[in-house]
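Below are the chains, spelled out letter by letter.
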Amino acid sequence: MTSAAENPNPTTEQRFASNWLSNLNPVNHFAKLGEEFYSEVNPLPLAKPRLVDLSPAACQLLDIDPNADEKDLCAMLNGELIPSGFEPISMLYAGHQFGVWVPQLGDGRAMILAQVENPRSGLWELQLKGSGPTPYSRHADGRAVLRSTIREYLCSEAMHALGIPTTRALGLIDSDTAVYREEVETGAILMRMAPSHLRFGNFELFASREQQDQVKQLADFVLQHHRSELLEKDKPYLALYQDVIRRTASLMAQWQSVGFCHGVMNTDNMSILGLTIDYGPFGFMEAYNPSHICNHSDHSGRYAFNQQGDIGWWNLAALGNAFLSLLELDEAKLAIESYKSLYQKALLDLHLKKFGLEAAMEGDGELIQDWFKILESGGIDFTNAFRALSHFSLVESTPEQLQDLFADTQEFKLWLDRYSTRLEKQVISDETRQKQMLATNPKYILRNYLAENAIARAKQGDYSEVVKLREVLSNPFDEQSENEIYAEAAPAWATGISISCSS
Ligand code: AMP
Ligand code: MG
């Protein structure tokens, strides 16, 4: 392809290729599997697209300059531009939704434009979400509204900054296209990125149709392109299933450790690579309530905060069923049995870190449980409580924020005495412990009311708050003196915000 420098009037595609795609080689490994696994699609661009924001950290993974020509970037995110070598596809999958088997789902509004390889950052599928109908749209419009797109964008990048495995988000556009939900909204498109967007549901679909060859092809695909180290094992398929179990257990524990509630843990929303995927009515825990339900449509609380660990197990069991043609039944049973202890161990390790405890000692379980009981009975902010505790010192007086949060109750004073006694038993210095806790307990999380504020302004055409939030949340562990206000608990008007599945 001619470079823009040599050509005085380059086409958009030429400019794009020379500016942004020079370090990206389209490999399209999944597309090579064949059309049983997906459908070829064409994006349906939105009217009058406007760039809302780009994540510099995500751009870096692709060597894309976030300050490059906005019109070209918009054209890319709007699906107007399909560079050569790109092959837009939508994946075919099924899933258990709220425990109910749905034999066919698929990407109803998502299109993988290409899978590219960057020499430095590896494989990335570039996916548009909200780019129009696909053969799997099931009478829906294939669109995503600005509101939910902003939420997914901000949360993907915030989760990454928290160190939690997740799909990434390159950026998003808004538009003039009307999209009808409970009211008329505007259509938006997110460019999502992940090494692979494969879900448990991709495997379930072929297993349910007794197409065992296809199940094997999918497993071989994951082994070859994403988990090649497991090909050395005696039983690679078993190793792959164990790998998904281990990663999912770890992911569930990480969600719990930052108070993240996903809200729609259907098996079609579970990543085979152990990534957080499909941000919908998610929410971060604020006033601590272990049975918090973030999804307004989840009437039974199937996906309540304190159910997530068990649901991880349930979903992995469904995946195990789909894997049965590749495994011995006994092996599969043994593997899934290991989940609960893996999850408990991962959660305990993370809790120890959150409390600044080097290694578990007798009584730690009780100490931790009692802390959560106090948080619950006082309706205390989960994130701010851990952050304030991180400033606690054995030699100085109790930090003001800690006193304020716990209203200095007798119950809390007694707990703090036990905590002090426990801290005195460890070797590391108080200062080191504080530092470690501050690097573990975030100060800034994506609170619903912050997202709502940014959304309200964006709906008026002012995207600055989306940009600001993305910036603040990209350093969640830093003290950002000028951004203290973003660490505040929800104001009264916002404590009851509930988010539905409609997006
Ligand atoms: P979700 O709960 O967002 O993960 O979506 C569940 C299924 O519904 C997936 O197959 C989506 O692709 C599909 N879906 C959700 N919203 C839409 C929409 N507006 N148009 C087409 N398909 C959709
Ligand atoms: Mg989904």
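Residues numbered from 1 in each chain as written. Chains lettered and ligands numbered in written order. Predicted model: local features only at pLDDT ≥ 70, side-chain atom pairs only at ≥ 80, totals over all residues. Heavy atoms only, no water.

## A short note on the coordination of the magnesium ion (ligand 2)
At this site the magnesium ion (ligand 2) is bound by Asn-269 (OD1) and Asp-278 (OD), with donor distances of 1.9 to 2.2 Å. By relative accessible area, Asp-278 is classed as buried at 14%. (Donors = N, O, S within 2.8 Å, 3.2 Å for Na, K, Ca; no water. Buried < 20%, exposed > 50% of the residue type's maximum accessible area, 1.4 Å probe, protein only.)

## Brief notes about the site of ligand 1
What surrounds ligand 1 is a group of 16 residues, the closest being Gly-106, Gly-108, Asp-141, Gly-142 and Asn-269. Separating an oxygen atom of ligand 1 from a side-chain N or O atom of Asn-269 is a distance of 3.0 Å. Protein coverage of the free-state accessible area of ligand 1, which is 480 Å², stands at 81%. Its residues placed into classes, the shell around ligand 1 shows three nonpolar, six polar and seven charged. (Near = heavy atom within 4 Å. Polar contact = N/O pair within 3.5 Å; in protein donor to acceptor, adjacent residues only side chain to side chain. Areas by Shrake-Rupley, 256 points an atom, 1.4 Å probe, with all protein chains shown as cover. Nonpolar A, V, L, I, M, F, W, Y, C, P; charged D, E, K, R; others polar.)

## Observations regarding helix H11 (residues 382-390)
Three or four residues apart is the spacing at which side chains of an α-helix point the same way, because the helix has 3.6 residues per turn. Counting buried positions along H11 yields nine of nine residues, so the element is predominantly enclosed. Those residues of H11 that fall on the buried side of the exposure criterion are Phe-382, Thr-383, Asn-384, Ala-385, Phe-386, Arg-387, Ala-388, Leu-389 and Ser-390. Buried residues belonging to H11 abut helix H7 (236-258), helix H9 (329-354), helix H10 (364-378), helix H12 (400-405), helix H13 (410-424) and helix H14 (430-438). Structurally, the start of H11 carries an N-cap: the backbone nitrogen of Thr-383 is 3.3 Å from a side-chain oxygen of Asp-381. (Helix = DSSP H or I, 4+ residues; strand = E, 2+ residues; numbered from the N terminus. Contact = heavy atoms within 4.5 Å.)

## Some details on the nonpolar core
Core analysis: the largest hydrophobic core is formed by 97 residues, its most contacted members being Phe-30 and Phe-203. Here this core gets 13 residues from one element, more than from any other, and that element is H7. Aside from chain neighbours lying at most four places away, what touches Phe-203 is Val-215, Leu-218, Ala-219, Val-222, Ile-272, Leu-319, Ala-322 and Phe-323. (Core = buried A, V, L, I, M, F, W, Y, C linked by side-chain atoms within 4.5 Å.)

## Some thoughts on unusual backbone geometry
Although it is not a glycine, Phe-98 adopts a positive phi angle of roughly 50 degrees. Considering the arrangement of structural elements, one finds Phe-98 in the loop between strand S5 (95-97) and strand S6 (100-102). In the Ramachandran plot, His-139 falls in the positive-phi region, its phi being about 70 degrees despite a non-glycine side chain. Along the chain, the position of His-139 falls in the loop between strand S8 (122-129) and strand S9 (144-145).

## Notes on the packing of aromatic side chains
Within a pair of aromatic rings, the relevant descriptors are the distance that separates the centres and the angle that separates the planes. For the coordinates displayed, the defined rule picks out 30 aromatic pairs. Summarising the aromatic geometry, the rings of Trp-255 and Phe-260 are spaced 5.3 Å apart at their centres and angled 65 degrees between planes, so their arrangement reads as edge-to-face. Taking relative accessible area as the criterion, Trp-255 reaches 1% and is therefore assigned buried. On the basis of relative accessibility, which here comes to 0%, the residue Phe-260 falls in the buried class. On the basis of an interplanar angle of 5 degrees and a centroid distance of 3.7 Å, the ring pair of Phe-406 and Phe-412 is categorised as stacked. (Phe/Tyr/Trp six-rings, centres within 6.5 Å; stacked < 30°, edge-to-face > 60°.)

## Observations regarding the pairing of S8
With seven of eight residues buried, S8 is to be regarded as a mostly interior element. Note that strand S7 (residues 110-118) and S8 share eight bridges and pair antiparallel. Across the sheet, residue Ile-112 finds its bridge partner in S8, namely Gln-127. Counting the residues between successive antiparallel strands, the hairpin from S7 to S8 contains three residues. Here S8 pairs with strand S12 (residues 184-194) via five bridges, running antiparallel. (Pairing = 2+ DSSP bridges.)

## A few points about the pattern of salt bridges
Considering all chains together, one arrives at 29 salt bridges under this definition. Between Asp-53 and Arg-470 there is a salt bridge, with the nearest N and O atoms lying 2.8 Å from each other. Of this pair, Asp-53 sits in strand S3 (residues 50-54) while Arg-470 sits in helix H16 (residues 464-473), and the two are 417 residues apart along the sequence. Arg-470 matches Asp-53 in its accessibility class, with the two residues each being buried. Two residues, Arg-120 and Asp-63, come together in a salt bridge whose shortest N-O distance is 2.5 Å. You can see Arg-120 sitting in the loop between S7 and S8 and its partner Asp-63 sitting in the loop between helix H2 (56-61) and helix H3 (70-77), a full 57 residues away along the chain. By relative accessible area, which is 28% here, Asp-63 ends up partly exposed. (Salt bridge = Lys/Arg side-chain N within 4 Å of Asp/Glu carboxyl O.)

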